[in-house]
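Chain by chain, the residues run as shown.
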Amino acid sequence: MTARIIDGKAFAARVREKVKDHVTRLKEDHGITPGLAVVLVGEDPASQVYVRSKGKQTVEAGMKSVEYKLDADTSEEDLLKVVQQLNDDPEIHGILVQLPLPKHLNEDLVIGSIDPAKDVDGFHISNVGLLGTGQKSMVPCTPLGCLMMLRDHHGSISGMDAVVIGRSNIVGKPMAQLLLGDSCTVTIAHSRTRDLPEVVRRADIVVAAVGRPEMVPGDWIKPGATVIDVGINRLDAPEKGEGKTRLVGDVEYESCAKVAGAITPVPGGVGPMTIACLLANTVTACCRANGLPEPEGLTA
Ligand code: GUN
């Protein structure tokens, strides 16, 4: 069997089109423009790339984009003031504080200061609690993107066995909650899991989110299973020339694609869905703030 490739790049483009259509309607019918604020503290190169990309895609979707670039030595007090100002700004519907923050800043405190209704990352404990109890919440972008792709591929995933490898607050735990919400039987596996290959072999759906390059080989995969690879790992690639690198996921693509029914590639799988879902969450937050119906197909 050769797996069907789930094209995240094309899927993300469709999500962005839906977002754009909804933004047009909000503007034309209600005179409202959704606004997203991104706060970056310091000069982490990867974060700068993310933030630039977020700003560009926000504008392309017709939304208002605001960026706050603060010095690496910004005090907690000053950062909290910026968040408070954005909480109070009626033109801002989504706030994202780029992580990781410099060491002297308390991430939990900063995330906890964001108005939960504007928390488009879904990291605030109110949103974590709402998601965990099956109530309407803001949902973390990467797991939301994975869920959208799974629903699109399968129609319904109800009753399927799902294994999530990785227990991070950003991906693993919310992913498990979303799969449970769609009535999967869910296992969360992690570094201490006993006999991980056997646990993964039971799964109809495998979501790999551990951050370890090519950790999952094809012989762990049940024939026909759907494999969602959240990992983005950069490896040296001397075969491509001196100093060259290549991106790989958390699964060994070649061997898994021979056994799986469907698989997301790296790059071009889950990655592009994260920002698309951030835009979707911003529109959702804007609709909720204005008592308007939420965009269909863009929420959990
Ligand atoms: N850093 C890397 N990914 C993310 C993300 O999705 N949200 C935030 N806030 N920071 C990140």
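See the structure above.
Now for a look at the structure at hand. Remember, it's a predicted structure, so these values are computed and weren't measured experimentally.

1. Details of the packing of helix α1 (residues 8–30) against helix α6 (residues 141–154)
Following both chains from N to C, one finds α1 and α6 inclined at 100 degrees, their axes separated by 11 Å at the closest point. Classified by the angle between their axes, α1 and α6 sit roughly perpendicular to one another. Counting all contacts with α1, which are made through G8, F11, R14 and V15, the residues of α6 involved are M148, M149 and D152. Tallied by class, the residues present in the contact of α1 with α6 amount to 4 nonpolar, 1 polar and 2 charged.

2. Quick notes on helix α3 (residues 76–88)
The terminal C-alpha atoms of α3, which comprises 13 residues, lie 18 Å apart, in line with the 18 Å expected from a rise of 1.5 Å per residue. Considered for burial, the residues of α3 that qualify are L79, V82, V83, L86 and N87. Along the long axis of α3, the arc covered by the buried residues comes to 140 degrees, so they all point the same way. Turned more than 90 degrees away from the buried face of α3, the exposed residues are E77 and D88. Contacts from the buried residues of α3 go to β2 (35–41), β3 (64–70), β4 (94–97) and α4 (107–112).

3. Observations regarding the environment of V15
One can find V15 in helix α1. Accessibility expressed as a relative area gives 3% for V15, which makes it buried. Through-space distance from the C-alpha of V15 to that of L298 is 7.4 Å; in sequence the pair is 283 residues apart. Dropping the residues within four chain positions of it, V15 is found in contact with M148, M273, A276 and L298.

4. Here's the deal with the pairing of strand β7 (residues 205–208)
Note on strand geometry: in a regular strand, side chains alternate between the two faces of the sheet. With burial as the criterion, each face of β7 is covered, one bearing I205 and V207 and the other bearing V206 and A208. As defined by bridge partners, strand β5 (residues 161–165) adjoins β7 across 4 bridges and the pair is classed as parallel. Its bridge partner lying in β7, V163 is registered against V206. When β7 meets strand β8 (residues 226–229), the two strands line up parallel, connected through 4 bridges.

5. Topic: the side chain of Q57
By the secondary structure assignment, Q57 is in helix α2 (residues 45–60). Given a relative accessible area of 15%, Q57 falls into the buried group. Beyond its immediate chain neighbours, meaning those up to four positions away, Q57 contacts R16, I275 and L279.

6. Quick word on the site of the ligand
Around the ligand, the surrounding shell consists of Y50, L96, V97, Q98, L99, D121 and F123. One of the backbone N or O atoms of V97 is found 2.8 Å from a nitrogen atom in the ligand. Q98 places a polar side-chain atom, nitrogen or oxygen, 3.0 Å from a nitrogen atom of the ligand. Summarising the interface, the protein chains cover 82% of the accessible area of the ligand, which totals 280 Å² for the free molecule. Residues of the shell around the ligand, tallied by class, amount to 5 nonpolar, 1 polar and 1 charged.

7. Overview of the side chain of T58
Here T58 shows up in helix α2. A relative accessible area of 1% places T58 in the buried class. If near-sequence neighbours (up to four positions away) are discounted, T58 is found in contact with L36, M63, K64, S65 and L279.

8. A short note on the nonpolar core
Ranked by size, the top nonpolar core spans 55 residues in total, and within it V19 and L179 carry the most contacts. Those elements that place two or more of their residues in this core are α1, β2, α6, β5, α7 (172–181), β7 and α10 (271–289). With 10 residues, α10 is the largest single contributor of residues to this core. Excluding residues within four positions of it along the chain, L179 makes contact with L150, I157, A162, V164, C184, V186 and V207. Judged by nonpolar contacts, the second largest core, of 21 residues, contains V163, A208, I221 and A257.

9. A look at the sheet that holds β7
The parallel open sheet is built from 6 strands, whose spatial order is β1-β11-β8-β7-β5-β6. Looking at the sheet topology across the chains shown, the edges are occupied by β1 (4–5) and β6 (185–189). Sheet strands in contact with α6 are β1, β7, β8 and β11 (262–263), and its direction is about 160 degrees off that of β8. Relative to β5, α7 is tilted by about 170 degrees, and along the sheet it contacts β5, β6 and β7.

10. Regarding the pattern of salt bridges
When the charged atoms of two side chains lie near each other, side chains of opposite charge can form a pair. What the rule picks out here adds up to 11 salt bridges. Ionic pairing is found between E67 and K69, a salt bridge with its closest N-O pair at 3.5 Å. When the shortest N-O distance is used, the salt bridge between K222 and D204 registers 2.8 Å. Note that K222 is positioned in the loop between β7 and β8 and D204 in the loop between α8 (196–201) and β7, a separation of 18 residues in sequence. Within the structure, one salt-bridge network assembled from shared partners comprises K136, R288 and E294.

Conventions we followed
- Residues numbered from 1 in each chain as written.
- Predicted model: local features only at pLDDT ≥ 70, side-chain atom pairs only at ≥ 80, totals over all residues.
- Heavy atoms only, no water.
- Axes fitted to C-alpha atoms, helices over the stretch in contact; angles between N-to-C directions.
- Helix = DSSP H or I, 4+ residues; strand = E, 2+ residues; numbered from the N terminus.
- Parallel < 35°, antiparallel > 145°, perpendicular 65-115°, else oblique.
- Contact = heavy atoms within 4.5 Å.
- Nonpolar A, V, L, I, M, F, W, Y, C, P; charged D, E, K, R; others polar.
- Expected span 1.5 Å × (residues − 1).
- Buried < 20%, exposed > 50% of the residue type's maximum accessible area, 1.4 Å probe, protein only.
- Arc of directions from axis to C-beta.
- Pairing = 2+ DSSP bridges.
- Near = heavy atom within 4 Å.
- Polar contact = N/O pair within 3.5 Å; in protein donor to acceptor, adjacent residues only side chain to side chain.
- Areas by Shrake-Rupley, 256 points an atom, 1.4 Å probe, with all protein chains shown as cover.
- Core = buried A, V, L, I, M, F, W, Y, C linked by side-chain atoms within 4.5 Å.
- Salt bridge = Lys/Arg side-chain N within 4 Å of Asp/Glu carboxyl O.

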